[in-house]
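# Observations on the three-dimensional arrangement
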Amino acid sequence: MSMDDLKKRKVTGPDGEEFEVDPLNDYFCTERPHPEYPGNKIVEKFLNWARAESIWILGFGTGCGAIEMRPLMTPRFDAYRFGIQWRPTPRQSNLLVVSGYLSVKTLKRVIRSYEQMQNPKYVMGLGSCTINGGMYWDSYNTINRLDHYLPVDTYIAGCMPRPESLIAGFEQLKKIIKEGKGEGANKYIENLDWYKQNQKKIIKGWDMPDYNW
Amino acid sequence: MKFEWIKILYAVWALLIILNIGLVFQGVTQKIAARLGRRYGIRWYQPYIDLMKNYAMRSSITHGVMFYLGPVFRLSGGIGMFLFMPVIFDSPYFQNFSFSGDLILISYFMFFGTLGMALGAGEGGHPYSAIGITRGLSQMTAAEVPQILAIISVAVQYQTISITNIVAAQQGGIMNWTVMTNPFATAAALLALLGSMMRPPFDVVLAPQEIPIGPPTEFHSNFLAVLQTNRAIFPMAKMVLFVNIFFGGATNWPLMIAKMFLLYMWPIFIGVAFPRFRVDQSIRWFIKIPAVIGIIAVLLVR
């Protein structure tokens, strides 16, 4: 996609009919998102328990760490018994696991996937690469600190972390959600300008709307 | 005929029971499948938590009016089908709104949800939704042929289109059940059932490995929760219908649940044993084998 694709233009259909396409208004929402805060305390406590016990992960592996997620679905580690399941579409998932190094090219896809997820949503940084760049800290095309681009709820240190540490990380995330601290989605929207500024510094030739879904 | 308002209360009560049965069956089935794969598996009450979580999502976005109506149509298809069906034979409480022509109305309701879903998913605009819906509608239409043939056969056999009368005719022992008196119709209907249960070999419609994940791709938060509610109610309504028509109905809930569970295991056993069909293959299969059995059932019935 380039910036020209987003411009208003006339398109000829297969049967010769001409119609106007305005991609920004037709395919994206140009309205700025607004934060949605938790409601009643007691109700929210119960709902947070439900959210923590039913975490749906977006099946999106950004780097080499994705290989550590596969054993979690199989008999040896079986994360399903902790209420963790994988979904193939960002619309239905709650947790984005950024698994390993994040190249500039992938960052764009990660941002788009993250913004398509619904509030409340959580981000987990897997491996040292998401904390400080790890072994890629001086690479020309990977980012060093994931926290500058997306609100991260919890990290799992290691290179590579074993599946056991991933399960430990999920348990940590559950604790955070149950305490009512998993408000990354609202944090992202409140500080949208700062996050967008950081993202635009890295992604050259920004060719998508500021908030896309 | 006088309408009794108390029937509404009984119907809602039956609907609640069936919703819980559906959710528990889902969890238990996944648990069994996991144990077969040597996994520990999800907790049996996980479907409840998933449902609550999805209803509790704070934000949701829409793609238009039909996007809203898609899940609503789907759910009303499931609930509508259940509400016009007698559940427990001879019980004054669990007859729902069954009347003398309910078998025909239910056959319509079975297809209603799929059509609503087609409109809703189409407006979602995701290419995978469109592909999934195209596949789903073709497969469902093919599976509908043997099913309707079986229903016609049963209706001719008992000379009635009232489910209550069909159940009444089967009372008095296992030899009176339709599965014994009209085996061809039962075979056609059971094979047709496979096509609408979204299990292998007929799950190409929403198989995560093929098209992630078919019609519900764009549905999220509350929309997805409504669809999940329907996924608990609709298969159970079908089970109740099949138990009533082919397996002698039931005079109490435990017997009904036992029969439903055994019947529910039928598509699942087939599913774990057979690989997935493509849509063109499954349509050919439905027309070649179950439909022919259904025609034989209509021809042989007296």
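Residues numbered from 1 in each chain as written. Chains lettered and ligands numbered in written order. Predicted model: local features only at pLDDT ≥ 70, side-chain atom pairs only at ≥ 80, totals over all residues.

### Digging into the pairing of strand S5 (residues 95-99) of chain A
Residue and element names in this part refer to chain A. Put simply, the rule reads: Put plainly, a residue is buried at 20 or more neighbouring C-beta atoms within 10 Å of its own, exposed at 12 or fewer, and partly exposed in between, counting only other residues' C-beta atoms, which are placed from the backbone. The numbering of helices and of strands both runs from the N terminus, where a helix is a DSSP run of H or I of at least 4 residues and a strand a run of E of at least 2. Here, a strand pair is defined by DSSP locating no fewer than two bridges between the strands. Looking down the strands as they point away from you, a crossover is right-handed if its path from the first strand over the helix to the second goes clockwise.
With five of five residues buried, S5 lies mostly within the body of the structure. Burial along S5 is two-sided: Leu95, Val97 and Ser99 facing one way and Leu96 and Val98 facing the other are all buried. Bridging between S5 and strand S6 (residues 122-126) involves five bridges; their strand directions are parallel. Paired with Ser99 across the strands is Leu126, a residue of S6. Crossover handedness for the path S5 to helix H3 (residues 104-116) to S6: right-handed.

### A closer look at the interface of chain B and chain A
Often, the extent of an interface is quoted as the loss of accessible area upon association of its parts. Stated formally: By the convention adopted here, residues make contact when the C-beta atoms placed from their backbones lie within 7 Å.
Taken together, the contact pairs 27 residues of chain B with 19 residues of chain A. Of the residues forming the side of chain B that touches chain A, the biggest block, five residues, is contributed by helix H2 (residues 46-55) of chain B.

### Remarks on the packing of helix H8 (residues 183-196) of chain B against helix H12 (residues 290-300) of chain B
All names here are of chain B. We count it as follows: Think of each axis as a best-fit line through the C-alpha atoms, taken over the contacting stretch in the case of a helix, with angles from 0 to 180 degrees between the N-to-C directions. Our angle categories are set so that under 35 degrees counts as roughly parallel, over 145 as roughly antiparallel, 65 to 115 as roughly perpendicular, and the remainder as oblique. For any helix crossing, the convention is left-handed if the near helix is rotated counterclockwise from the far helix by under a right angle, and right-handed if that rotation is clockwise. Residues are sorted three ways: Asp, Glu, Lys and Arg are charged, Ala, Val, Leu, Ile, Met, Phe, Trp, Tyr, Cys and Pro are nonpolar, and all the rest, Gly among them, are polar.
Taken N-terminus to C-terminus, the directions of H8 and H12 make an angle of 150°; their axes are 8 Å apart at the nearest point. With respect to H12, the element H8 is oriented roughly antiparallel. At the point where H8 passes H12, the crossing takes the left-handed sense. Along the contact surface, H8 presents Phe184, Ala185, Ala187, Ala188, Leu191 and Ala192, while H12 presents Pro290, Ile293, Gly294, Ile296, Ala297 and Leu300. Each residue belonging to the contact of H8 with H12 can be placed in one class, and the counts come to 11 nonpolar, one polar and no charged.

### Description of the confidence of the model for chain B
Our working rule: pLDDT expresses how confident the predictor is about each individual residue, on a scale running from 0 to 100.
For chain B, the mean per-residue pLDDT works out to 90, and 100% of the residues sit at or above 70. For this predicted complex, the interface score ipTM comes out at 0.89, while the overall pTM is 0.90.

### Looking at the nonpolar core
Where we set the bar: The term nonpolar core refers to a set of buried Ala, Val, Leu, Ile, Met, Phe, Trp, Tyr and Cys residues connected through C-beta atoms within 7 Å.
Among the nonpolar cores identified, the biggest contains 75 residues, and B:Met85, B:Ala188 and B:Ala237 are the most heavily contacted of them. Counting residues per element, this core draws most heavily on helix H9 (residues 221-246) of chain B, which supplies 17 residues. What B:Ala188 contacts, discounting residues up to four positions off in sequence, is B:Pro146, B:Leu149, B:Ala150, B:Pro290, B:Ile293, B:Gly294 and B:Ala297. One finds A:Leu58, A:Met69, A:Val98 and A:Tyr114 within the second-largest nonpolar core, a separate group that totals 36 residues.

### Brief notes about helix H4 (residues 163-178) of chain A
Since the α-helix advances by 3.6 residues per turn, residues separated by three or four positions end up pointing in the same direction. All names here are of chain A. Worth spelling out the cut-off: One less than the number of residues in a helix, times 1.5 Å, gives the span that helix is expected to have. What the arc covers is the set of directions going from the helix axis to the C-beta atoms.
With 16 residues, H4 should reach 22 Å at 1.5 Å per residue; the first-to-last C-alpha distance of 23 Å fits that figure. Of the residues making up H4, those classed as buried are Pro163, Leu166, Gly169, Phe170, Leu173, Lys174 and Ile177. Down the axis of H4, the smallest arc covering the buried residues is 145°, so these residues share one side. Where H4 is buried, its residues meet helix H2 (41-53), strand S3 (55-58), strand S4 (84-87), S6 and strand S7 (154-156). Positive phi appears at Gly180, one or two residues downstream of H4, with a value of about 80°.

### Describing the pairing of strand S2 (residues 18-21) of chain A
Residue and element names in this part refer to chain A. With four bridges connecting them, strand S1 (residues 9-12) and S2 associate as antiparallel partners. Looking at S2, one finds that Val11 is bridged to Phe19. Remark: five residues form the turn of the hairpin made by S1 and S2, two consecutive strands paired antiparallel; Gly16 in that turn has positive phi of roughly 80°.

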